[in-house]
Amino acid sequence: MDNQIETALCCLDSISQTSVTISDFSDEILLNILRFIPSHDLMLKVSQVCRKLQTLCLDKSLRAHVHLHKEYTANDDAVKQLLKNLSGDIQTLNLSGCYWLAGSTVDQVTRCKGLVSLDLSGCRLTSIRLSNLLTSLRSLCSLALDVGPGFDLQQLSAEGKSALARLQELKQTLLTPSYGVVPCCSALRRLHLYLEASEGWREAGGCAQLMVGQSSVPHYQNLRWFSARLAPGEVNRTLLALYLAVFSMRVPEGLTGLVLSVPGVAPPRPVAMTALMESMASTVGNSVSALQLPRTWLDGAILGRVLTHGCPVYLNVSHCSSPGFNPLHVLLSAGRDLTPLRSLNLRGCGRGPLAESCGKSEEEMDTESIKALTECCPHLVHLNLSATHYHHAFPTGQDGHLCGALGRLASLRSLALPVCALAQSSPTPVNIQDSNSDLTPRSLLLGLKKSSRVGVPTYRPSTGVIEGQGEEHQDRGFCIQPLLQGCPHLAELELIGAGFSSAMPRNEPAIRKDPVACPWSYNVRDNELAALGGMKNLRKLTLAHLPGVLKGTGLIELLKGCEDLHSLSLANLGSLKTMSYTQALLEALSHCTQLRDLRLEQPYFNANAAFFEELSRCRQLRRVCLVSRHGTFQPAAVTAFMQSCTDVIMCHMFMGGTLVACKTLQKTLLESFSISRPALSVVIYPLLHEDLAHVIRGMPLCHLDEITLFKSRVAEEPVKRQL
């Protein structure tokens, strides 16, 4: 034994005396490392370090696929040089969300003759520019683009239209009522539509002219996938109906994916929908891979018919439950193998309206069915159970708790739950007096007799217990342990109070009323938040409408434990009459060393110098969004923060203050930092201003959809394929 120890020590000494440099790594190891470096930095900087790295940067595995999405430091000159250097090798080019690139930079894509897949979502693209691109890219099979006002399909050249006829996949974001390039794409197998037209087009009669040319849309005989995601508004619903009218002419054979996301009131169900579902279910050799329909279109018969031929990989039945129809019951009773299911959205789906009063009629989670689901779908990766209520019936211990069932899903990566799901006891009325129930002489002394003081329960981070309560409450958060232990790879968690509505909706004035909280959610306090710090692999966290959080001390322990957190969204924690967790938030931010995105929504928030000073410690920060009704900000503090954090490219603030003060600060930031940060997006506007909806429409869609607007994102979309 002594000889083994001596030998080991000698080996350690020899290693410590050996100088190991990056050149000593094998080419295979270095190539794996280089794949994590942005393409423009790799080719323009890393390749200049030494001869070995220069040689490795010539490897085709690094040059064939160029991904610049969210690479905010890639300016026009860098992208032009990159396309010039790699033009002969690039097969896949992703410029989605690069809204800051000039049109002349996009023109350089014509150099890449061998492109097979091109994503230009969010880029500046005119009809003439698109025509030149398509004429040069004869091998293109997949295309993503935006169609804005002024787009004219007739301006495309014959070669451009021929290139469109060869496309197999198209992703089209419509900023105006239009068919875009779809009429020329007769060989499509996958069509993704994002309908983002504003309501101003309805007043201008934008959809009327499309009805005349409706017959120009080809029959999709080769289509295998059709998806459409709508922004709110009647014009987008009308536009969807025009696109779906094609299916009434001819139902495609072999359609395996149908994803229709329609917020609010859905358009009338097309006559062809029944035939379309029948075709999807009966195609020999094909099973449905993805399904989502508007809430009024889906019923037990349609869902059952689809499940007869196999279980989809992605299923979204958000808010589809209705009297006599429970999607989860239909799924479990179909008698099919459910193991292929990977992503399931049951948001707002329960066994019926909650019997208790929680502010409005809301669905109660069908706990037994959820437990059966975890047994039938052991490979679930994404699960959304928000917008429902779960009230644990066994306050002592964790037997039978929802988290125990969810802990069986070892492959789970993202999860959305209602806040009340973490409450271990029923709500206790405090200081509730009914004047009609106490008429004894003792009631006459009320107000004259000194009342007993009720202590406010406070979480102590150092001890993990709650002051002011008995020992039976020292294990609060104990029910979460099965989830922590059973789902070690969980990377995204949303805890959203049932009934929560953001103060900043999409196309409507800001909400001035505070949402009513579920009484059970008051029992989810700082101790429960601290317990979530055990999720060491967490990358995205959303906490919304947690009225039981008092001082926010549990937030400190949570963020200290989740040290690799990239995205944090906090909304309406604690009291809505005052900002009660400011000090805890400031301390918690000091632990967010890897934070990229921060969204904070809280009434009466004071964005002062102390806040921005702590926020500036988050050196990886890229995007900040603050939403606060009656909130205040200090312009000098915001400017100093932006000057200190040179990587921040998005600053959106919707608070109090005058319109003049907001516009002055916005102008100052844009003039000061736009040159050094070409991707800079600054929007500062009064939250309660009547023109807010118009301002929102002018923001880059990538920021608007990913951070500025609040929404549940777990299992909202199928796993994205690389275009």
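Residues numbered from 1 in each chain as written. Predicted model: local features only at pLDDT ≥ 70, side-chain atom pairs only at ≥ 80, totals over all residues. Heavy atoms only, no water.

Quick rundown of the overall build of the chain? Include the residues and the values.
Assigned secondary structure in the chain consists of 26 helices and 24 strands. Taken over 723 residues, the chain has a buried fraction of 53%. In the chain, the proportion of contacts linking residues at least 24 apart, taken out of those at least 6 apart, comes to 77%. When the accessible area of the chain is evaluated, it comes to approximately 32,300 Å², of which 52% is carbon and sulfur surface. (Helix = DSSP H or I, 4+ residues; strand = E, 2+ residues; numbered from the N terminus. Buried < 20%, exposed > 50% of the residue type's maximum accessible area, 1.4 Å probe, protein only. Contact = heavy atoms within 4.5 Å. Areas by Shrake-Rupley, 256 points an atom, 1.4 Å probe, with all protein chains shown as cover.)

How would you summarise the pairing of strand E18 (residues 567–573) if you had to cite specific residues and measurements?
Among the seven residues of E18, six are classified as buried, and the element is accordingly described as predominantly covered. Direction of pairing for strand E17 (residues 540–546) relative to E18: parallel, over a ladder of six bridges. When the bridges of E18 are listed, Thr542 appears paired with Ser569. As defined by bridge partners, E18 adjoins strand E19 (residues 597–601) across five bridges and the pair is classed as parallel. Bridge pairing links Ser569 to Arg599 in E19. In this region the chain leaves E18, passes through helix H21 (residues 582–589) and returns to the parallel neighbour E19; the handedness of that crossover is right-handed. (Pairing = 2+ DSSP bridges. Right-handed = clockwise from strand over helix to strand, strands pointing away.)

Any details on the side chain of Ser414? Residues and values, ideally.
Mapped onto the elements of the fold, Ser414 is located in strand E13 (residues 414–418). Engagement of the side chain of Ser414 in a polar contact is seen with the side chain of His382, the distance being 2.6 Å. Aside from chain neighbours lying at most four places away, what touches Ser414 is Val381, His382, Leu383, Leu490, Glu492 and Val714. (Polar contact = N/O pair within 3.5 Å; in protein donor to acceptor, adjacent residues only side chain to side chain.)

Which residues make up helix H12 (residues 234–249), and what values do they have?
Counted at 1.5 Å a residue, the expected span for H12 with its 16 residues is 22 Å, and the 24 Å between its end C-alpha atoms agrees. Among all positions in H12, only Val235, Asn236, Arg237, Leu239, Leu240, Leu242, Tyr243, Leu244, Ala245, Val246 and Phe247 are buried. (Expected span 1.5 Å × (residues − 1).)

Which residues make up the side chain of Ser616, and what values go with them?
Relative to the elements of secondary structure, Ser616 occurs in the loop between helix H22 (609–615) and strand E21 (623–627). Setting aside its immediate chain neighbours within four residues, Ser616 contacts Phe641, Ser644 and Cys645.

Describe the packing of aromatic side chains, and please don't skip the residues or the numbers.
Per the stated rule, a full pass over the model turns up nine aromatic pairs. Note on Tyr179 and Tyr243: the rings are 5.4 Å apart at their centroids and 80° apart in plane angle, and the pair reads as edge-to-face. On the criterion of sequence distance, the pair formed by Tyr179 in the loop between strand E5 (169–174) and strand E6 (190–195) and Tyr243 in helix H12 is long-range, its members being 64 residues apart. Classification of Tyr179 as buried rests on a relative accessible area of 6%. Their ring planes at 40° and their centres at 5.3 Å tell us that Phe612 and Phe641 sit as a pair that is tilted. Here Phe612, found in helix H22, pairs with Phe641, found in helix H23 (residues 635–644); they are 29 residues apart in sequence, far enough to count as distant. (Phe/Tyr/Trp six-rings, centres within 6.5 Å; stacked < 30°, edge-to-face > 60°.)

So what's going on with the nonpolar core? Residues and values would help.
Judged by nonpolar contacts, the single largest core of 207 residues is most densely connected at Phe226 and Phe611. Among the elements that make up this core, the one with the highest residue count is H12 (seven residues). Counting five residues, the second largest nonpolar core, distinct from the first, contains Ile496, Phe500, Ala544 and Ala571. (Core = buried A, V, L, I, M, F, W, Y, C linked by side-chain atoms within 4.5 Å.)

Can you lay out the state of the cysteines for me, pointing to particular residues and giving the numbers?
Tallying each qualifying case throughout the model produces zero disulfides. Counting only cysteine sulfurs, Cys123 is the nearest neighbor of Cys98, a cysteine outside any disulfide, at a range of 5.5 Å. (Disulfide = S-S within 2.5 Å.)

Can you break down the packing of helix H13 (residues 273–282) against helix H14 (residues 300–307) residue by residue, with the values?
Running from amino to carboxyl end, H13 crosses H14 at an angle of 20°, the nearest separation of the two axes being 8 Å. On the basis of their axis angle, the class for H13 and H14 is roughly parallel. As H13 runs across H14, the sense of the crossing is left-handed. Side by side, H13 and H14 meet where Met277, Glu278 and Ala281 of the first sit next to Ile302, Arg305 and Val306 of the second. Taken together, the residues of the contact of H13 with H14 sort by class into four nonpolar, no polar and two charged. (Axes fitted to C-alpha atoms, helices over the stretch in contact; angles between N-to-C directions. Parallel < 35°, antiparallel > 145°, perpendicular 65-115°, else oblique. Left-handed = near helix turned anticlockwise from the far one by under 90°. Nonpolar A, V, L, I, M, F, W, Y, C, P; charged D, E, K, R; others polar.)

Just give me the short version of helix H20 (residues 553–561), but keep the residues and values in it.
When you tally the buried positions in H20, you get seven out of nine residues, the bulk of the element. For H20, the set of buried residues is Thr553, Gly554, Leu555, Ile556, Leu558, Leu559 and Gly561.

I'd like a rundown of the pairing of E13, residues and numbers included.
Two faces, one strand: in a regular strand the side chains alternate between the faces of the sheet. Within E13, five of the five residues are buried, leaving the element largely enclosed by the surrounding structure. Burial of the side chains of E13 extends over both faces: Ser414, Ala416 and Pro418 are buried on one face and Leu415 and Leu417 on the other. Here three bridges tie strand E12 (residues 382–384) to E13, and the two strands are oriented parallel to one another. Within E13, the position partnered with Asn384 by the bridge is Ala416. Relative to strand E16 (residues 492–496), E13 is paired through five bridges, and the arrangement is parallel. The residue of E16 that forms the bridge with Leu415 is Leu493.

Account for the pattern of salt bridges, naming residues and giving values.
If you walk through the whole model with that rule in mind, you get 18 salt bridges. One salt bridge connects Arg623 with Asp597, and the closest N-O pair in it is separated by 2.9 Å. Residue Arg623 is located in strand E21, and its partner Asp597 is located in strand E19; the two are separated by 26 residues in the primary sequence. On the accessibility criterion, Arg623 (2% relative accessible area) is buried. (Salt bridge = Lys/Arg side-chain N within 4 Å of Asp/Glu carboxyl O.)

Give me the lowdown on a nonpolar patch on the surface, citing residues and values where you can.
On the surface, Ile22, Phe25, Ile29 and Ile33 cluster together into a nonpolar patch covering about 350 Å² of accessible area. Inspection of the secondary structure puts Ile22 in the loop between helix H1 (2–17) and helix H2 (27–34). In this structure Ile22 comes out as partly exposed when scored by relative accessible area, which is 49%. (Patch = residues over 30% accessible without salt bridge, like charges linked within 9 Å, V, L, I, M, F, W, Y side chains within 5 Å.)

Now, about the environment of Val79: what can you tell me, with residues and values included?
Inspection of the secondary structure assignment puts Val79 in helix H6 (residues 76–86). Residues Val79 and Val109, spaced 30 residues apart in sequence, show a C-alpha to C-alpha distance of 9.7 Å. With residues up to four places along the chain from it excluded, the contact list for Val79 reads Leu68, Ala74, Leu101 and Thr105.

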